[in-house]
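What follows is the residue order along each chain.
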Amino acid sequence: MVPKPILKGLTGKSPAIREVNRLIHKASRNDYPLLISGETGVGKSMAAECIHRLSRRGSKSFLQQGCSNIPAELFESELFGHEKGAFTGAVRRRAGKMEIAAGGTLFLDEVADLGFDCQSKILLFLDKGKFFRLGGEEEIEVDVRIIAASNKDLKEEIKAGRFREDLYFRLNVFEIHIPPLRERKEDIPLLVNEILKEAEKRNKVSKKIFSPAMEKLMGYYFPGNIRELENIVLRAFVMAEADVLKPDDIKIEPMSYREEDIVNKLFKLMVRHGMSFWEAMHKPFLQRELNRR
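Let us look at the structure shown here.

Quick notes on the rules
Residues numbered from 1 in each chain as written. Predicted model: local features only at pLDDT ≥ 70, side-chain atom pairs only at ≥ 80, totals over all residues. Heavy atoms only, no water. Helix = DSSP H or I, 4+ residues; strand = E, 2+ residues; numbered from the N terminus. Areas by Shrake-Rupley, 256 points an atom, 1.4 Å probe, with all protein chains shown as cover. Buried < 20%, exposed > 50% of the residue type's maximum accessible area, 1.4 Å probe, protein only. Pairing = 2+ DSSP bridges. Axes fitted to C-alpha atoms, helices over the stretch in contact; angles between N-to-C directions. Contact = heavy atoms within 4.5 Å. Salt bridge = Lys/Arg side-chain N within 4 Å of Asp/Glu carboxyl O. Parallel < 35°, antiparallel > 145°, perpendicular 65-115°, else oblique. Left-handed = near helix turned anticlockwise from the far one by under 90°. Nonpolar A, V, L, I, M, F, W, Y, C, P; charged D, E, K, R; others polar. Phe/Tyr/Trp six-rings, centres within 6.5 Å; stacked < 30°, edge-to-face > 60°. Lys NZ or Arg CZ within 6 Å of the ring centre and 35° of its normal. Polar contact = N/O pair within 3.5 Å; in protein donor to acceptor, adjacent residues only side chain to side chain.

1. Concerning the overall build of the protein chain
Then, number 1: Along the backbone of the protein chain there are 12 helices and 11 strands.
Then, number 2: Split by element, the accessible area of the protein chain, about 16100 Å² in all, is 51% carbon and sulfur.

In structure tokens form, the structure reads like this:
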């Protein structure tokens with residue numbers, strides 16, 4: 001039996017999330033680099049922290065480094081630190097997150113967004129377990145586990161020439177894919193109750209959800225996944241006048257790109273994976289992800 005997850009967002013009874021939890025516990029028993037894939041908002045950082053807490057490194061630091069929209073020099077300084085005078089404004093030596101996380105885990109979020117120079121430096125560290133501070137001459141050795149995450153298909157990024165194949169194989173010793181919420185809708189009631197319990201603890205007010213309101217949530221596509229579900233439920237919790245959430249309290253913003261997402265999904269299934277039109281259309285049609293139009 002798979003133990004219950006210790007972080008919110010990974011709750012569920014669906015086969016998909018049960019498999020994710022099984023892999024999380026398995027990954028926590030080793031120290032190899034790990035890749036977590038999945039759409040934005042599915043809980044990749046939650047899974048990474050869960051793995052850290054369950055591992056032998058659980059009492060040590062868990063640090064997160066975002067990789068999106070960050071200049072190469074700044075990223076290198078954040079990750080590896082810098083020496084005094086390494087660049088304008090470097091008035092003293094500064095330890096990077098690699099050093100600070102020694103003995104623990106460093107989580108690289110959205111690693112696909114890194115430039116090739118930064119990818120090369122991470123690959124070098126994974127190969128040697130050593131690095132230089134920016135502007136430094138002393139090689140530093142640290143014991144830190146690397147967990148990386150991406151909301152992009154790294155194999156496609158490699159084909160497009162945007163991601164190093166050798167870094168992909170180095171990170172992908174063990175991979176966990178977290179499915180989108182629309183593919184495990186049976187988990188929504190458990191997640192909603194979890195969110196409401198957390199809101200009750202913080203606000204000292206108890207509110208339940210009326211079944212028609214839950215049905216409204218169950219019929220939604222959730223392009224923002226767990227993060228969007230949490231925002232919708234918390235907004236309803238705050239705005240609802242009664243102690244029961246009703247359908248009118250569930251405010252779902254219409255997403256202009258919802259149909260475009262479905263079109264892209266069907267395109268991949270039919271053109272890239274060779275599915276027939278009916279095979280690709282049948283499941284999302286039954287799940288109300290698209291209509292006859």
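2. Comments concerning helix H3 (residues 72–80)
Then, number 1: Taken as a whole, H3 has its buried residues at Phe 75, Glu 76, Ser 77, Leu 79 and Phe 80.
Then, number 2: Of the residues one or two after H3, Gly 81 is the one with positive phi, at around 80°.

3. Overview of the sheet that holds strand E2 (residues 62–66)
Then, number 1: Overall, parallel pairing links the five strands, which are arranged E2-E5-E8-E1-E9 in an open sheet. Each of the sheet's edge strands pairs with one partner strand only, and the pair in question is E2 and strand E9 (174–177). For this sheet the average axis-to-axis angle between neighbouring strands, irrespective of direction, equals 20°.
Then, number 2: Two strands pair when backbone bridges link them, and E2 and strand E5 (residues 105–109) are joined in this way by five bridges, in the parallel orientation. Opposite Gly 66, over in E5, you have Asp 109 as the bridge partner.
Then, number 3: Its contacts with the sheet place H3 against E2 and E5, and it is angled at close to 175° to E2.

4. Section: the pattern of salt bridges
Then, number 1: Tallied over the full model, the rule gives 20 salt bridges.
Then, number 2: In this structure, the salt-bridge partner of Glu 78 is Arg 94, at a minimum N-O distance of 3.4 Å. Of this pair, Glu 78 sits in helix H3 while Arg 94 sits in strand E4 (residues 94–95), and the two are 16 residues apart along the sequence.
Then, number 3: The closest approach of N and O atoms between Lys 159 and Glu 156, which form a salt bridge, is 3.8 Å. Of this pair, Lys 159 and Glu 156 are both found in helix H6 (residues 154–159), three residues apart, which corresponds to roughly one turn of the helix.
Then, number 4: Given the relative accessible area of 29%, Glu 156 is considered partly exposed.
Then, number 5: Salt bridges here are not isolated pairs; linked through shared partners, they connect Asp 31, Arg 56, Arg 57 and Asp 143.

5. A short note on the packing of helix H8 (residues 188–203) against helix H10 (residues 225–239)
Then, number 1: Where H8 meets H10, the axes come as close as 10 Å, and the angle between the chain directions of the two elements is 50°. Considered as vectors, H8 and H10 are oriented oblique to each other. Once H8 is placed against H10, the crossing between them reads as right-handed. Each of Ile 188, Leu 191, Val 192, Ile 195, Leu 196, Ala 199, Glu 200 and Asn 203 in H8 lies in contact with H10, whose residues at this interface are Ile 226, Leu 229, Glu 230, Val 233, Leu 234 and Phe 237.
Then, number 2: For the contact of H8 with H10, the residue count by class is 11 nonpolar, one polar and two charged.

6. Quick look at the packing of aromatic side chains
Then, number 1: For the structure shown, the criterion picks out five aromatic pairs.
Then, number 2: Through a chain of ring-to-ring contacts, the aromatic side chains of Phe 80, Phe 125 and Phe 131 assemble into a single cluster.
Then, number 3: Geometry around Phe 237 places Lys 207 over its ring, the cationic atom sitting 5.1 Å from the centre.

7. Comments concerning unusual backbone geometry
Then, number 1: Phi angles above zero are rare outside glycine, and Lys 204 is one such case at about 60°.
Then, number 2: Phi angles above zero are rare outside glycine, and Asn 225 is one such case at about 60°.
Then, number 3: Mapped onto the elements, Asn 225 comes out in helix H10.
Then, number 4: Asn 225 gets classed as buried once you look at its relative accessible area, which sits at 0%.

8. A look at the side chain of Arg 133
Then, number 1: Tracing the sequence through the fold places Arg 133 in the loop between strand E6 (130–132) and strand E7 (139–141).
Then, number 2: With relative accessibility at 10%, the residue Arg 133 sits in the buried group.
Then, number 3: Side chain to side chain, Arg 133 and Glu 83 meet in a polar contact 2.9 Å long.
Then, number 4: In this structure Arg 133 touches Phe 80, Gly 81, His 82, Glu 83, Arg 93, Arg 94, Glu 99 and Ile 140, once residues within four positions along its chain are discounted.

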